[in-house]
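Chain by chain, the residues run as shown.
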Amino acid sequence: MPEVIDHRPNRQPPPVRRDPAPTRLQYRLERMWLRPIWRRAVRIGVPAFLVAMTAGLWLSDEDRRALLTDGIQQVVDKIQSREEFQVTTMVVEGASPVVDKALRAMLPVDLPASSFDIDLTALRLQVMQLDVIESIDLRIKPGGILSAVVTEREPAILWRHARGIEILDRNGHRVASVTARDVRPDLPLIAGEGADLAVAEALALMDAAGPILPRVRGLVRRGERRWDLVLDHGQRIMLPATGAVIAMEAAMALDRAQDMLGRDITAVDLRNPSRPVLRLGIDARNTIREARGEPLLGPDGKVVQEEEKKGG
């Protein structure tokens with residue numbers, strides 16, 4: 001049987017078209033990638049976690065930790081010990097010899113030392129605990145110089161109280177203690193509890209008492225509310241609780257006009273400025289009593305009996 005030859009061209013089956021829609025998993029992953037938090041987690045969080053986990057595993061060994069710590073400390077010590085960080089000298093300005101010595105004793109290290117070993121803030125707080133120091137400027141200058149510029153409190157007055165005698169500045173802040181009044185005879189004296197809280201008024205009263213200042217022994221605080229000005233010869237000026245300076249100026253004007261304090265007067269009571277009262281001494285009172293024919297008074301202020309006078 002003869003062979004049949006098919007002269008028709010060969011035809012390929014049509015290709016299968018791919019569905020362009022993503023799979024469900026791919027769709028969810030693409031949606032997650034659109035969120036910034038997931039992008040940061042993949043780009044930053046995952047690498048950071050891997051680095052932290054690697055470092056943690058490496059540092060879990062005690063020998064490795066000790067080796068790392070020693071290495072870091074050696075680097076730090078090498079940097080801090082460099083010559084440009086060394087403090088070789090300390091210069092103190094504005095301080096008395098006693099304060100200068102105290103400041104140098106407060107240094108936490110012996111010089112020369114690294115500037116990293118000197119905590120200026122802690123040193124400043126320690127120095128400010130000294131009563132005599134009002135302010136201090138601490139800084140490290142080029143050339144390895146630790147500079148301390150000190151402002152000391154100026155002594156203004158002495159305060160005598162039950163616990164001793166202290167030197168105060170114009171604000172009533174303690175400067176130092178003294179053992180006796182004679183240590184600073186150039187300073188005025190105040191006494192009594194609460195006197196340190198009214199130093200400004202006490203100094204103003206001392207200024208107002210300028211004409212009789214050589215006779216002033218001091219000021220005594222009464223009831224923590226008013227002053228008594230104590231003079232020699234047992235005289236006393238009793239001042240009011242308010243307007244004490246004005247009352248003092250009025251007393252000085254009266255003394256200049258009539259030599260009030262040069263007479264036999266023991267006290268000038270100005271506690272009520274509208275009604276000043278003068279307390280006479282024994283001699284002045286006896287002169288008046290003798291003119292009136294009344295019995296005389298003794299040194300204790302009591303009437304001397306006739307028998308005592310005759311016996312005397």
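For the structure itself, look to the data block above.
A short tour of the structure in this document, coming up.

The rules behind each value
- Residues numbered from 1 in each chain as written.
- Predicted model: local features only at pLDDT ≥ 70, side-chain atom pairs only at ≥ 80, totals over all residues.
- Heavy atoms only, no water.
- Buried < 20%, exposed > 50% of the residue type's maximum accessible area, 1.4 Å probe, protein only.
- Helix = DSSP H or I, 4+ residues; strand = E, 2+ residues; numbered from the N terminus.
- Contact = heavy atoms within 4.5 Å.
- Pairing = 2+ DSSP bridges.
- Axes fitted to C-alpha atoms, helices over the stretch in contact; angles between N-to-C directions.

Quick look at helix α6 (residues 199-208)
Then step 1. Buried within α6 we find V199, A202, L203, L205, M206 and A208.
Then step 2. The secondary structure elements touched by the buried residues of α6 are β6 (157-161), β7 (164-168), β9 (189-191), β10 (216-222), β11 (226-231) and α7 (244-258).

Things to note about the pairing of strand β5 (residues 145-152)
Then step 1. With five bridges connecting them, strand β2 (residues 89-93) and β5 associate as parallel partners. In the strand pairing of β5, V91 is matched with S147.
Then step 2. Sheet analysis places strand β4 (residues 133-141) next to β5, joined by eight bridges and oriented antiparallel. The residue bridging L138 from the neighbouring strand is A148, located in β5.
Then step 3. Hairpin connection from β4 to β5: three residues lie between these consecutive antiparallel strands, with G143 at a positive phi of about 95°.

A few points about the side chain of S115
Then step 1. Following the sequence through the fold, S115 ends up in the loop between β3 (113-114) and α5 (120-127).
Then step 2. For S115, a relative accessible area of 19% puts it in the buried group.
Then step 3. When residues no more than four places from it in sequence are discounted, the contact partners of S115 are F85, V87 and I140.

Some thoughts on the sheet that holds β4
Then step 1. Spatial ordering of the open sheet is given by β2-β5-β4, a layout of three strands whose pairing is mixed. The outermost strands of the open sheet, each flanked by one partner alone, are β2 and β4. If you compare each strand with its neighbour and ignore which way they point, the axes differ by 15° on average.
Then step 2. Lying on the sheet, helix α4 (residues 97-105) is in contact with β2, β4 and β5; it crosses β2 at an angle near 145°.
Then step 3. Most of the contacts of α5 go to β4, to which it runs at about 160°, and overall it touches β4 and β5.

Nothing here speaks to function; it is geometry throughout.
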